[in-house]
Amino acid sequence: MKISILGGTGSLGKGLANRWLKAGHEIIIGSRSLESALKATQALDIDDSNACLNDEAALLGDIACLTVPFAHQAETLQTVKENLKNKILIDATVPLVPPKVMRVQLPKEGGCAAMIAQTILGEEVRVVSAFQNISAELLQSSHPINCDVLVCGDKREDRETVINLIEDMGLKGWHAGPLCNSAAAEALTSVLIAINKNHAISHSGITVTGV
Ligand SMILES: NC(=O)c1ccc[n+]([C@@H]2O[C@H](COP(=O)([O-])OP(=O)(O)OC[C@H]3O[C@@H](n4cnc5c(N)ncnc54)[C@H](OP(=O)(O)O)[C@@H]3O)[C@@H](O)[C@H]2O)c1
């Protein structure tokens, strides 16, 4: 697939790109600046033509993935909204509120970041949330990753599309219910950050047991 990563110049974007490129997918890196996008495509050793501004990246991809900080989620989505029509947007946003990132602070309005994204984008874009609990640093490495991915979205077939992309990376993705359940995945990130801090772990993660 041709996967556009919006804000793909950052830690998570580069990590996802690394794993998807290894699986044989084409990656378009979106950014607010062409110069930053080019830096990222050069670091990933892909063609310069795969570097774009976010709105163009949204247009070019078969599917898009949003990897920007929560504070900039809404403004970024406004710039790409038109170009995402009839596509799936994978939202990886975690609504952390620095400096208290070990504390769950879900947005009072909207319930969680993924639901906010769906409200901004409207019915013509199908939002699926994923990747909130996985470390960008691990994704950027070539180490095996012992962390499952919770996938929330209102349509089973859209979740399935995203789960297939997750499995292409060698990870396990789970149907975790409707988009509103993303609140639990988003909240879990603060729990994992607290576990990392209190137990001196670099990258705690989650796996589903009882299978
Ligand atoms: N890091 C992780 O381990 C991890 C894991 C799971 C989920 N997440 C979530 O994934 C998202 C991205 O995390 P990250 O660590 O990759 O973030 P990041 O590296 O801090 O930022 C990602 C990109 O966001 C864009 N950005 C920064 N400020 C912006 C602004 N004012 N307006 C619009 N875009 C802006 C930048 O792209 P340009 O400057 O190129 O436009 C930047 O490269 C966050 O919501 C985070 O909670 C992160």
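Residues numbered from 1 in each chain as written. Predicted model: local features only at pLDDT ≥ 70, side-chain atom pairs only at ≥ 80, totals over all residues. Heavy atoms only, no water.

Peer 1: So what about the layout of surface pockets? Which residues, and what values?
Peer 2: By volume, the largest pocket amounts to about 1,100 Å³. Forming the walls of the largest pocket are 41 residues, and the residues nearest its centre are Ser11, Leu12, Thr67, Val68 and Pro69. For the lining of the largest pocket, the secondary-structure elements that each account for two or more residues are helix H1 (11–22), helix H3 (54–60), helix H4 (73–80), helix H6 (136–140) and helix H8 (182–199). The element contributing the most residues to the lining of the largest pocket is H8, with four residues. Residues of the lining of the largest pocket, tallied by class, amount to 18 nonpolar, 19 polar and four charged. (1 Å grid on protein atoms, 1.4 Å probe; cavity = no way out; pocket = protein on both sides within 12 Å on 5 of 7 lines; lining within 4 Å. Points joined across faces, edges and corners; volume = space filled by probe spheres on them. Helix = DSSP H or I, 4+ residues; strand = E, 2+ residues; numbered from the N terminus. Nonpolar A, V, L, I, M, F, W, Y, C, P; charged D, E, K, R; others polar.)

Peer 1: Just give me the short version of the pairing of strand S2 (residues 26–31), but keep the residues and values in it.
Peer 2: Burial analysis of S2 places five of its six residues in the buried class, which makes it a mostly covered element. Both strand S1 (residues 2–6) and S2 contribute to a ladder of five bridges, which runs parallel. In the strand pairing of S2, Ile3 is matched with Ile27. A crossover connection joins S1 to the parallel S2 through H1; in handedness this β-α-β unit is right-handed. Relative to strand S3 (residues 51–53), S2 runs parallel, the two being bridged by three bridges. Looking at the pairing, Gly30 lines up with Cys52 of S3. Each parallel crossover has a hand, and for S2 linked through helix H2 (residues 34–44) to S3 it is right-handed. (Buried < 20%, exposed > 50% of the residue type's maximum accessible area, 1.4 Å probe, protein only. Pairing = 2+ DSSP bridges. Right-handed = clockwise from strand over helix to strand, strands pointing away.)

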